Amino acid sequence: MDDIVKYPDKFLHRPTEEVWLPLNEDHKNLIKNMIKVMYENNGIGLAANQIGFSDKIFVMDVSNEKNKPQVFINPKIMKEAKEKLTYAEGCLSCPGKLVNVRRSIYVGLEWICEHGKKQYKTFYHLPARVVQHEMDHLNGKLCIDYA
């Protein structure tokens, strides 16, 4: 269960599916495992399909201390900046590859937290880039698809 699905596995290009709420024990365990795998691999974000699950869930932690994991269930980008920046991105599913990707400098995201509450926040800079990268995963797109 800890193995990261690697490109060119076709599973990574399959869009994920909405999660039924409330969360069941399997989803709670999946989220704990996703956080663990993200940290073990020095990642700052991880989507469920990167470890073989087709659930619309991603986790991220952009804190310096690596102790503030955030959980996003059924996320939807509600707004995005017209202004974009190009930056090199790596991916745990595409080890050793860096690709320049042009992304919005901010995004407004709506999601359900692990406690079942609807959330909304605007993310800027690195967190915005991670959100967009993980949303691509959930939609079956990889950063190397931008190359």
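Quick notes on the rules
- Residues numbered from 1 in each chain as written.
- Predicted model: local features only at pLDDT ≥ 70, side-chain atom pairs only at ≥ 80, totals over all residues.
- Heavy atoms only, no water.
- Helix = DSSP H or I, 4+ residues; strand = E, 2+ residues; numbered from the N terminus.
- Buried < 20%, exposed > 50% of the residue type's maximum accessible area, 1.4 Å probe, protein only.
- Contact = heavy atoms within 4.5 Å.
- Areas by Shrake-Rupley, 256 points an atom, 1.4 Å probe, with all protein chains shown as cover.
- Pairing = 2+ DSSP bridges.
- Axes fitted to C-alpha atoms, helices over the stretch in contact; angles between N-to-C directions.
- Phe/Tyr/Trp six-rings, centres within 6.5 Å; stacked < 30°, edge-to-face > 60°.
- Lys NZ or Arg CZ within 6 Å of the ring centre and 35° of its normal.

A.B. asks: Any chance you could explain the overall build of the protein here in plain terms?
C.D. replies: Secondary structure assignment for the protein yields 2 helices and 7 strands. Expressed as lengths along the three principal axes of its C-alpha atoms, the size of the protein is roughly 40 × 30 × 30 Å. For the protein, buried positions account for 46% of its 147 residues. Residue pairs in contact within the protein that sit at least 24 positions apart in sequence constitute 62% of those at least 6 positions apart. Carbon and sulfur atoms form 52% of the exposed surface of the protein, whose accessible area is close to 8,100 Å².

A.B. asks: I would appreciate a short explanation of the sheet that holds strand E3 (residues 70-80) in the present structure.
C.D. replies: The pairing of strands in a sheet happens through backbone hydrogen bonds and is either parallel or antiparallel. Reading across the sheet, the 5 strands line up as E1-E2-E3-E6-E7 and stay open at both edges, with antiparallel pairing between neighbours. Each having just a single partner strand, strand E1 (45-47) and strand E7 (118-124) make up the two edges of the open sheet. Shown here is a sheet whose adjacent strand axes are inclined to one another by a mean of 40°, direction ignored. In the sheet, strand E6 (residues 106-112) pairs with E7 via 7 bridges, with the strands oriented antiparallel. Note that in E7 the partner of Ile112 across the bridge is Lys118. Contacting E1, strand E2 (57-60) and E3, helix H1 (residues 25-40) crosses the sheet at an angle of about 40° to E2.

A.B. asks: Honestly, the packing of aromatic side chains in this entry has me stumped. Any pointers?
C.D. replies: Any two aromatic rings considered together are summarised by their centre-to-centre distance and by the angle between their planes. What the rule picks out here adds up to 5 aromatic pairs. Ring plane angle 50° and centroid distance 5.6 Å describe the contact between Tyr106 and Tyr124, whose orientation is recorded as tilted. In this pair, Tyr106 is assigned in strand E6 and Tyr124 in strand E7, connecting sequence segments 18 residues apart. The partly exposed category is assigned to Tyr106, whose relative accessible area is 28%. What links up through ring pairs into an aromatic cluster is the set Phe58, Phe72, Trp111 and Phe123. Here the basic side chain of Lys141 rests over the ring of Tyr146, its NZ or CZ set 4.0 Å away from the ring centre.

The values are spatial; any link to function lies outside them.
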